[in-house]
Every structure is written in structure tokens, then in C-alpha cells.
Amino acid sequence: MWKILIIDDDFQVLEGMQKSIPWESIDAEFVGEACDGAEGLVMAERTKPDIIITDIYMPIMNGLEMIEKLREMNYEGEIIILSGYSDFQYARQALRLQVNDYLSKPVTLEELSEVLARVIKELENKELKKLEQEEIHSRLLMYEPFMEKEWLKSVVTGTFNKAIAAEQLKRSEIDFWQQRSHLVMGIELLNSVRTAGLSLIDWNLFRFAYANIIREVLSEDWPESAFVELHSHHAAIIFNIDPLIPADEARRLIGAIGERIAACIYTYLQLSVRIGLGTLKTNWLDISNSTEEAFLELLQQNIVPPQDKESSLTFDDSGAIRPIKFYQELAEAIVYAKEEKAQDIIEAYFNQMESMPAITPAYLQYLCAELWTIFAYSLHSAGIVLDDLFPGMALKQEIAQIQTQTQVKDWLRSKIHVITTSRHWHENSKHKEAVDFMIQYAHDHYAEEFGLEDMAKKLYLSRNYLNQIFKKATGETFTNYTIRVRMKKAQALLAEGKYLIYEVAEKVGYKSVPYFSSIFKKYTGINPSEAGKTS
């Protein structure tokens, strides 16, 4: 309901207008009156009216002076002048003060109602635009962390457009990135009994747990850093370095952080990781070169015997071989089922490799195994099991037979054709972003109250539809997945031994300790008190 304030020094005008305005039909209410401009200012501040109807000539402070002060106070409502003086100078001043209408007394009820109806229509349009802008702003804020994450990934992998890269930086961050040097640490999660045959849900729980450990270490040891998840078992950390720190010292300190990260991940998750370091870069646009160096160091550890130095692969800034950029571009093409683009990426990469004399069958076989893992992860994210698309395939035997680049290209092309033309894949790839958002949200907001209805509002999709695509992609409901995330976090907090059970319950979103305890036992098989003791 729109609020209207009337200001006039004529008591009969105040009384007459209050009685004659059709309040209900225009969805408005009378919120007050005043006899002069000074009193009108006080009433306007107190009642916050949407519309003010005012006279010009009044004692103490006239109407135009009052309007000027209202505008100085950032009053954004509509103002209608109702005056017995039709002077051009007054009208011009009223126009400057953004008065909505200027009516001369006496005014008919029909004329006043018509003006009020038009003004209210304008208010409704302004309110609608404001709501739309707030909604857009809210959605931008909601997606900002994801946009920032994708920007960092593009910088790390070198898939960004250098011509517009600086424009994508927030103005407040430009100096930070330009005034520091940068070094990338590559991280590879090694295959183990614990990771073999994991479902998408269990893999995501592992992935978030290991990401949280890394972020906690970084917050203590090197806050000016950014953790970036790449493809399945790969991740990277950008270390932003004060130029006053010598390069050798920075590399030594960062190497020690890598050792601590590996130790913590093994201690808390019984998972092993391998660490590789790139060299320091003074220009943030060259960060991806440091990434490639870091992962080529990991590659040497994987396929090059220590005594066979001549087989080492090399990397230079010309980008002769850039596996991480290749992985990222190919993964994105797979995610969106773009077969032609995927084939172009493969052709371009192998054209570069032809100039590299050190490409051995061992590297080509390693490349195939890596890409198969990346394909599997990309498909899992959309609820597709790669093995289901290739029933009876003997992967190890196929890869072992690959000896040349031509064989790799043919092998990849045939696999990608099957993947991208799969009807099942086309049906599910469009759901990937929604499911990814929901999974990320559960891990970021586990301490808050939210449910499927909240996700539906944020993603502008129906509740039932979201429930179906989430369950189809992950094998369980969003509610169940959220509970599992909370229970995993509760286990970690209890293992630390720093918190009482009721504190842990609150930290993972439960106000009732008995309810938390029953849920915890259902999902872990033990009571919260026992979890603390077994740590």
C-alpha cells in the first residue's frame, strides 16, 4: 500500500483532500499531514511517504524550500505540488527539483485522482525495476565465487584471453596481482585402494575434504595464495609472493608447505599426493607457464626413470607442450559434448608435439590414461558412468598397444565420438551446472539451514525437477547428500578434540543435540562421544 503525506497551511484543504481521495481504489493510505514546510520535513522523515502532496506558500518554510531539503536528504519519492499560484518561475524551480506534477488550485477530484493514479503507476514501475535489479545483483553475488573460481582456473591453465584478461580483474585486485610475483604448485592425488571405484558422491566428499585441508594449511602458512581444483585428481595452488622475498627463499618455503600439505592429507585422509613446483613468474599473465612446469615435474616423477635424464620432457614459454591447458580445454569440450571442438583441440596439441623429440611411447600411454581419468570425472559430474558407454572394454590392454602419436589421436577420436554422440550424455550434460552448484553449496553452507526448496529458488527450477536430476546424477537425494556432508565435517571436528558435542552440532547446522546424535550414529555407526575418543 502506497503512503501519502499532505502538507498545506489551509485546514479546509487538508480535511477535504483526506476525505475526497479514493484511498482504497488506488491502493494508498493517508499517513499524516503538516501545516508548513518545516513540519512537513519532520513528518516526511518519520512516516517515509511514497508520495507527498504539498502547497508552495506556507509559513516558516515554503514548499519549494522543503522540497529542496528533501532532495538533499535523498528523498526518492514522488512529489505533487498543489498551489494557487501558477507562476512560471515556480514551475521551473519545481521542474529542477524533480517534482512529478504541478497542479493549480482549485483542482477537481477527477483531476487529482487521475494524477495520483499516474504517479502510483510510475511508482509501481520503479519498484518493479528495483526488484529486478536487486534480483540480478543477488544472482551475481551468488555466482561471484563461481565466476572467480573459473577465472582463477583459466589463469592457472592458460585458457584465458590475454587481450581481455586484465579487464576481468576487479579494479581493487589489479594492483595486488601486478605488484607480486607468482609461483604455482601442482598437486596430484595418487590412486590407492581408498580411491578405487569410488562413487561420485564419495569422490566429492574426498575432494572437498582434501581441499579443506589444503586451504587450512594455506591460511596458516601462506594466506596470499589461491587453491584451484583442476581435473579429477589434479589441483594447483597459486602462491602470490612479495617481490622483496628472494626467489630461492620463496621456493624453499613453498616446498616446505608442500611437504606439510602431503603429510596432513595422509594423516587425516590416508591419501597420498605428489607435489611439483613451477618457477617464479614476475608477470601474472605468465602464471600458466609456472603451472605447466609444475606438472611436467610431476610427469617426470611418473614416467621418467631417475637415471634416464635424456628422456626428460621440457617446457619453454613458447608453449611447445602444455598438457594442463590441453587437459582443461579438452575436458570443457567433453562436458558440453562438442565433438568438433574436441577434435580440433586434439589436432592442435599433437601438431605441437611433433616438434618435441623426447615424446616416448611411455608418455603417450601415460597421456591416454590421464585423459581417460579426466573423461570419467567429467562424465561422472553429469551422472554418467564412462564404463557404461564402453561395455567390455579392456582399457589397460588398449593403452599398452599405443606406440605412436597417430595411434593416440585415432584412439581419442573414436572414444570422444562415442561419448559426445551418446543420447544419455546429451540428456545429462545440461544438468551438470545445476548439480555442481548444489554440491558446492552443500559444502560451503553446511552450517546453515537450507533445503531443496532454497536450491529451487536460487536456480529458478522446480523443486521436483531438481530432486530428479540431482538423484539421477549422484544416486541419492540432495537432503541425504547434505546430511552426509555435515556428518563428515562433524567427524573431523570431533576428531580435533577441541569442541564439545553441542558445539559441533551447532557448527554443522543442528540446534538439537539429541537429533544430531541420532543422525550421527545412523550415518557413522557410533555415538559422537565415541568419535571423540577414537580420534
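Before reading further, recall that the structure is shown in the block above.
So, a few notes on the structure that sits alongside this text. (Residues numbered from 1 in each chain as written. Predicted model: local features only at pLDDT ≥ 70, side-chain atom pairs only at ≥ 80, totals over all residues. Heavy atoms only, no water.)

A few points about the packing of helix H10 (residues 323–335) against helix H11 (residues 339–353)
The geometry of a pair of packed helices is captured by two quantities: the angle between their axes and the separation between those axes.
Moving on, step 1. H11 packs onto H10 with a crossing angle of 165 degrees between their chain directions and a minimal axis gap of 9 Å. Classified by the angle their axes make, H10 and H11 are roughly antiparallel. Judged by the twist between their axes, the crossing of H10 over H11 is left-handed. Across the interface between the two elements, Pro323, Phe326, Glu329, Leu330 and Ala333 of H10 pack against Ala342, Ile345, Ile346 and Tyr349 of H11.
Moving on, step 2. Partitioned by chemical class, the residues of the contact of H10 with H11 number 8 nonpolar, no polar and 1 charged. (Axes fitted to C-alpha atoms, helices over the stretch in contact; angles between N-to-C directions. Helix = DSSP H or I, 4+ residues; strand = E, 2+ residues; numbered from the N terminus. Parallel < 35°, antiparallel > 145°, perpendicular 65-115°, else oblique. Left-handed = near helix turned anticlockwise from the far one by under 90°. Contact = heavy atoms within 4.5 Å. Nonpolar A, V, L, I, M, F, W, Y, C, P; charged D, E, K, R; others polar.)

Focus: the pattern of salt bridges
Moving on, step 1. Summed over all chains, the structure comprises 18 salt bridges.
Moving on, step 2. Between Arg484 and Glu476 there is a salt bridge, and its shortest N-O distance comes to 3.2 Å.
Moving on, step 3. Glu496 is paired through a salt bridge with Lys498; the nearest N and O atoms lie 4.0 Å apart.
Moving on, step 4. Overall, the relative accessible area of 37% leaves Glu496 in the partly exposed class.
Moving on, step 5. If you follow the salt bridges from partner to partner, you end up with Glu347, Lys409, Asp410 and Arg413 in one network. (Salt bridge = Lys/Arg side-chain N within 4 Å of Asp/Glu carboxyl O. Buried < 20%, exposed > 50% of the residue type's maximum accessible area, 1.4 Å probe, protein only.)

Topic: the environment of Glu224
Moving on, step 1. Secondary-structure assignment places Glu224 in the loop between helix H7 (200–221) and strand E7 (225–229).
Moving on, step 2. We classify Glu224 as partly exposed; its relative accessible area is 33%.
Moving on, step 3. Distance from Glu224 to Phe239, taken between C-alpha atoms, is 6.5 Å for residues 15 residues apart in sequence.
Moving on, step 4. Residue contacts for Glu224: discarding those within four places in its chain leaves Phe176, Arg180, Ile238, Phe239 and Asn240.

Quick look at the pairing of strand E6 (residues 181–189)
Moving on, step 1. By the criterion of burial, E6 is predominantly enclosed, with 9 of the 9 residues buried.
Moving on, step 2. Strand direction decides the pairing type here: E6 and strand E8 (residues 234–241), joined by 8 bridges, are antiparallel. Bridging across to E8, His182 finds its partner in Asn240.
Moving on, step 3. Relative to strand E9 (residues 273–277), E6 runs antiparallel, the two sharing 5 bridges. Residue pairing across strands places Glu188 opposite Arg274, the latter belonging to E9. (Pairing = 2+ DSSP bridges.)

Examining the sheet that holds strand E5 (residues 101–104)
Moving on, step 1. With parallel pairing, 5 strands are arranged side by side in an open sheet as E2-E1-E3-E4-E5. Edge positions in the sheet fall to strand E2 (28–34) and E5, since each has one partner strand and no second. The mean inter-strand angle of the sheet, taken between neighbouring strand axes irrespective of direction, is 20 degrees.
Moving on, step 2. Bridging between strand E1 (residues 2–7) and strand E3 (residues 51–54) involves 4 bridges; their strand directions are parallel. Paired with Leu5 across the two strands is Ile52, which belongs to E3.
Moving on, step 3. Packed onto the sheet, helix H2 (residues 37–47) meets E1, E2 and E3 and runs at close to 145 degrees relative to E2.

Here we look at the sheet that holds E7
Moving on, step 1. Across the sheet, 4 strands lie side by side as E7-E8-E6-E9; this open sheet has antiparallel pairing. Each end of this open sheet is capped by a strand with a single partner; those strands are E7 and E9. For this sheet the average axis-to-axis angle between neighbouring strands, irrespective of direction, equals 20 degrees.
Moving on, step 2. Strands E6, E8 and E9 of the sheet are contacted by helix H8 (residues 247–269), whose axis makes an angle of about 170 degrees with E9.

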